[in-house]
Amino acid sequence: MNVDISNISNISTVTPAAAPAAAPATALDSKPPRVRFAPSPTGQLHIGGARTAIYNWAFARAHGGTFILRIEDTDPERSTEENTHIILRALRWLGLDWDEGPEIGGDFGPYFQTQRSESYALAFETLQANDGVYPCFCSVETLSAKREAAEKSEGGWAGYDRTCRALSPQEANARIAAGEPHVWRLKVPETRGAIEFEDAVYGKLSFSADVMDDMVLIRTDNTPTYNFAVVCDDANMQISHVIRGDDHLSNTPRQILIYEALGITPPTFAHLSMILGSDNKKLSKRQGSSSVEEYRDRGYLSDALVNFLSLLGWSLDGETTIIDRETLTREFSLDRITKKDAVFDEVKLDWMNGVYIRELDAPTWVSHATPWLVEAGAREADIKENPAFFEKLYPLVIERLARMDEIPSKLAYMFWGNKVILDEDSVKKVLLKEGARAEEALRGCRAVLADTSIPWECEPLQNACRTLSDTLDIKPKNLFQPLRVAVCGNMVSPPLFESIELLDRTCVLARIDQTLDCVFHA
Ligand code: GLU
């Protein structure tokens with residue numbers, strides 16, 4: 001759930017003038033930072049999660065710190081190994097290498113929450129020793145009834161009414177010994193005032209303590225709740241900065257109370273604002289909320305996606321848009337993160353992807369383009385054996401590609417062999433255009449292209465066809481367009497004579513013959 005902090009009554013943003021001077025939240029002490037990305041493997045890696053991962057990674061890299069990956073797999077119903085695998089694969093594809101975490105280990109492991117029960121038990125012992133927790137025997141039914149009644153009353157639900165906090169230790173122990181089901185709740189100090197903290201993005205935030213009820217830390221089945229596990233892990237892994245989406249903002253004061261109960265200084269928090277679609281609404285499936293791998297499969301380059309996502313809420317200098325990884329990982333800083341919601345503009349992403357595609361050299365382009373070249377009709381073995389041919393396709397499309405998935409529609413004609421698949425609309429508009437003399441043009445071109453004395457190269461072939469246009473007194477456009485449709489199937493293909501040069505003569509002549517036959521029944 002995303003939290004719009006402006007709508008939450010228990011959170012007030014304190015203006016700097018009213019706030020007591022506090023150390024800037026972004027200040028780094030002498031120790032290099034330790035940050036983490038902590039996905040729950042309940043689904044794929046989505047755009048919001050990827051941005052959080054990028055910010056943590058870039059922050060660690062820019063400050064000589066450590067980027068940790070922790071899998072929060074405590075929800076047994078929704079967490080799957082398959083999702084973990086997909087998340088790791090997506091992070092690898094994005095090029096976000098972690099320094100500690102699954103598959104590589106580290107000094108603060110294990111990096112799966114389900115393997116960290118011992119550390120939760122230890123932290124729980126500390127809380128017991130500090131008199132920071134109490135068992136609660138209220139059943140779910142009792143609690144729901146209380147809640148329902150409270151919600152109907154004027155004051156509303158103000159959290160758990162602390163019934164079991166009043167139990168004597170003897171009674172509580174006796175009920176536990178008798179096997180009565182119970183949870184363990186945090187004993188929030190009665191005197192605890194507002195919970196304030198300096199968020200590195202939002203500035204000073206204040207949460208009223210009276211709405212922080214005695215939250216459950218250990219469930220009836222002895223498993224830790226999300227807030228407890230996260231605090232234990234962040235503390236044990238010595239996380240210095242928690243950078244995460246602002247959907248977790250309402251958890252932060254609760255987590256601070258747990259840190260206090262454990263006697264541990266909380267880390268610096270930096271909450272990232274929402275990402276909106278270009279319609280200024282929450283990201284929808286249609287727009288931006290797709291998984292990272294869907295973007296990969298639509299032909300975005302990971303460099304472009306990382307660049308684009310890094311700018312959803314952060315800026316280098318307010319104007320630079322093309323920021324390579326090197327610059328990002330050198331310059332990233334929390335103080336340039338904005339609290340304004342970011343807008344996911346797919347048009348801008350396409351533009352940026354095009355810029356990155358044009359920066360590839362031909363061999364690299366071929367290696368990125370391989371799946372789409374195969375979709376266009378190429379044989380993967382041919383690409384491997386004869387990359388030079390495929391590198392020649394690069395200049396045909398490079399100026400026109402925003403995404404790699406446009407390759408099949410743009411280049412399929414290169415793999416049709418002796419056949420042509422004619423686009424109906426192009427046939428109507430070009431070949432059957434009244435008064436355009438398309439058949440004559442096509443027959444003339446066929447003769448030129450059949451003339452073996454003209455070298456099979458772009459320029460001489462184009463020059464010969466130009467001469468033909470003078471001879472026949474047909475405008476070059478009215479000569480080239482029919483030829484384009486006959487060879488490439490439609491009127492908007494990549495450059496014509498460059499394409500013809502790459503297709504062999506037999507194939508080009510066969511396509512022209514097929515067109516003459518189909519369209520003019522010659
Ligand atoms: N596991 C949480 C999630 O996927 C993140 C917890 C956190 O960053 O504190 O939303």
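This is a predicted model, so every value here is computed, not measured.

(A) Region of the structure containing the overall build of the protein. Along the protein, the regular secondary structure elements total 22 helices and 12 strands. Taken over the C-alpha trace, the protein has a radius of gyration of 32 Å; the compact-globule value for 522 residues is 24 Å, which it surpasses by more than 25%. For the protein, the spread of C-alpha atoms along the principal axes amounts to about 105 × 45 × 45 Å. By residue count, 50% of the 522 residues in the protein fall in the buried class. The long-range fraction of contacts in the protein, counting pairs at least 24 apart against all pairs at least 6 apart in sequence, stands at 76%. For the protein, the distance from the average position of its 55 positive side-chain charges to the average position of its 77 negative side-chain charges is 3 Å.

(B) Quick peek at the site of the ligand. Around the ligand sit R36, A38, P39, S40, E72, Y226, V230, R244 and H248, and those are all the residues in its vicinity. With respect to the ligand, the side chain of S40 contributes an N or O atom lying 2.9 Å from a nitrogen atom. Separating a nitrogen atom of the ligand from a side-chain N or O atom of E72 is a distance of 2.5 Å. Its residues assigned to classes, the shell around the ligand shows four nonpolar, two polar and three charged.

(C) A look at the nonpolar core. Formed by 147 residues in total, the largest nonpolar core has its most connected members in W365 and L393. The element best represented in this core is helix α1 (residues 47-62), accounting for nine residues. Setting aside anything within four residues of it in sequence, one finds L393 in contact with W365, L373, L411, M414, F415 and L502.

(D) Highlighting the pairing of strand β4 (residues 133-136). Along β4, one buried face is formed by V133 and P135 and the opposite face, lined by Y134 and C136, is buried too. Note: β4 against strand β5 (residues 183-186), four bridges, orientation antiparallel. Directly across from P135, in β5, lies its bridge partner W184.

(E) Looking closely at unusual backbone geometry. With omega at -5 degrees, the peptide bond leading from G109 into P110 counts as cis. With respect to the element layout, P110 can be found in the loop between α2 (81-94) and α3 (117-129). For E103, which is not a glycine, the phi torsion comes out positive at approximately 75 degrees. Structurally, E103 can be placed in the loop between α2 and α3.

(F) Up close: the side chain of S273. Here S273 lies in the loop between β10 (268-272) and β11 (275-277). Accessibility expressed as a relative area gives 2% for S273, which makes it buried. Leave out the neighbours within four places in its chain, and S273 touches R51, Y202, D246, T338, K339, K340, D341 and A342.

(G) Inspection of helix α17 (residues 424-431) at higher detail. What α17 keeps buried is the set S426, V427, V430 and L431. Along the axis of α17, the buried residues cluster in a sector spanning 105 degrees; they form a single face. Along α17, exposed side chains directed more than 90 degrees from the buried face belong to E424 and K428. Buried-residue contacts for α17 involve α18 (438-450), α20 (476-488) and α22 (505-520).

(H) Spatial organisation of the pairing of strand β9 (residues 241-245). By the criterion of burial, β9 is predominantly enclosed, with five of the five residues buried. Both β9 and β10 contribute to a ladder of five bridges, which runs parallel. Bridge assignment links I243 to a residue of β10, and that residue is A270. One crossover worth recording links β9 to the parallel β10 by way of helix α7 (residues 252-262), and it is right-handed.

(I) Structural context of the packing of helix α19 (residues 458-472) against α20. The interhelical angle for the contact between α19 and α20, taken along N-to-C directions, is 125 degrees, at an axis separation of 9 Å. By the criterion of interaxial angle, the relationship of α19 to α20 is oblique. In this structure, the crossing between α19 and α20 has a hand that is right-handed. Contacts between α19 and α20 involve Q462, C465, R466, L468, S469 and L472 from the first element and P476, L479 and F480 from the second. For the contact of α19 with α20, the per-class residue count stands at six nonpolar, two polar and one charged.

(J) Spotlight on the side chain of N56. If you trace the backbone, N56 turns up in helix α1. Every residue in contact with N56, bar those within four places of it in the chain, is listed here: V35, R36, F67 and I243.

(K) Just the sheet that holds β5, in detail. Spatial ordering of the open sheet is given by β4-β5-β8, a layout of three strands whose pairing is antiparallel. Of all the strands in the sheet, the pair left with one neighbour each is β4 and β8 (216-218). The mean angle between the axes of side-by-side strands here comes to 45 degrees, regardless of whether they run parallel or antiparallel. Pairing analysis gives two bridges linking β5 to β8, with the strands arranged antiparallel. By the bridge assignment, R185 is partnered in β8 with V216.

(L) Representation of a negative patch on the surface. A grouping of E457, E459, E498 and E501 is seen on the molecular surface, where their side chains present a negatively charged patch. Within the element layout of this structure, E501 appears in helix α21 (residues 496-502). Since its relative accessible area comes to 34%, E501 is described here as partly exposed.

(M) Summary view of the packing of α18 against α20. Taken N-terminus to C-terminus, the directions of α18 and α20 make an angle of 75 degrees; their axes are 9 Å apart at the nearest point. Considered as vectors, α18 and α20 are oriented roughly perpendicular to each other. Contacts between α18 and α20 involve A438, A441, L442, C445 and L449 from the former and N478, L479, P482, L483 and A486 from the latter. Class assignment of the residues belonging to the contact of α18 with α20 gives a composition of nine nonpolar, one polar and no charged.

(N) Spotlight on the pattern of salt bridges. Using the criterion set out here, one finds 36 salt bridges in the structure. Close ionic contact of E293 with R296 constitutes a salt bridge, the shortest N to O distance being 3.3 Å. With a gap of three residues between them, E293 and R296 both fall in helix α8 (residues 292-297), about one helical turn apart. Taking the shortest distance from any N to any O, the salt bridge between D405 and R403 comes out at 2.9 Å. Look at R403 and you get buried, because its relative accessible area is 18%. Three or more residues joined by partner-sharing salt bridges are found here, namely R36, R70, E72, R116, D233 and D234.

What counts, and where the lines are drawn
Residues numbered from 1 in each chain as written. Predicted model: local features only at pLDDT ≥ 70, side-chain atom pairs only at ≥ 80, totals over all residues. Heavy atoms only, no water. Helix = DSSP H or I, 4+ residues; strand = E, 2+ residues; numbered from the N terminus. Rg over C-alpha atoms; globule rule 2.2 N^0.38 Å. Buried < 20%, exposed > 50% of the residue type's maximum accessible area, 1.4 Å probe, protein only. Contact = heavy atoms within 4.5 Å. Lys, Arg positive; Asp, Glu negative; His and termini not counted. Charge placed at Lys NZ, Arg CZ, Asp CG, Glu CD. Near = heavy atom within 4 Å. Polar contact = N/O pair within 3.5 Å; in protein donor to acceptor, adjacent residues only side chain to side chain. Nonpolar A, V, L, I, M, F, W, Y, C, P; charged D, E, K, R; others polar. Core = buried A, V, L, I, M, F, W, Y, C linked by side-chain atoms within 4.5 Å. Pairing = 2+ DSSP bridges. Arc of directions from axis to C-beta. Right-handed = clockwise from strand over helix to strand, strands pointing away. Axes fitted to C-alpha atoms, helices over the stretch in contact; angles between N-to-C directions. Parallel < 35°, antiparallel > 145°, perpendicular 65-115°, else oblique. Left-handed = near helix turned anticlockwise from the far one by under 90°. Patch = residues over 30% accessible without salt bridge, like charges linked within 9 Å, V, L, I, M, F, W, Y side chains within 5 Å. Areas by Shrake-Rupley, 256 points an atom, 1.4 Å probe, with all protein chains shown as cover. Salt bridge = Lys/Arg side-chain N within 4 Å of Asp/Glu carboxyl O.

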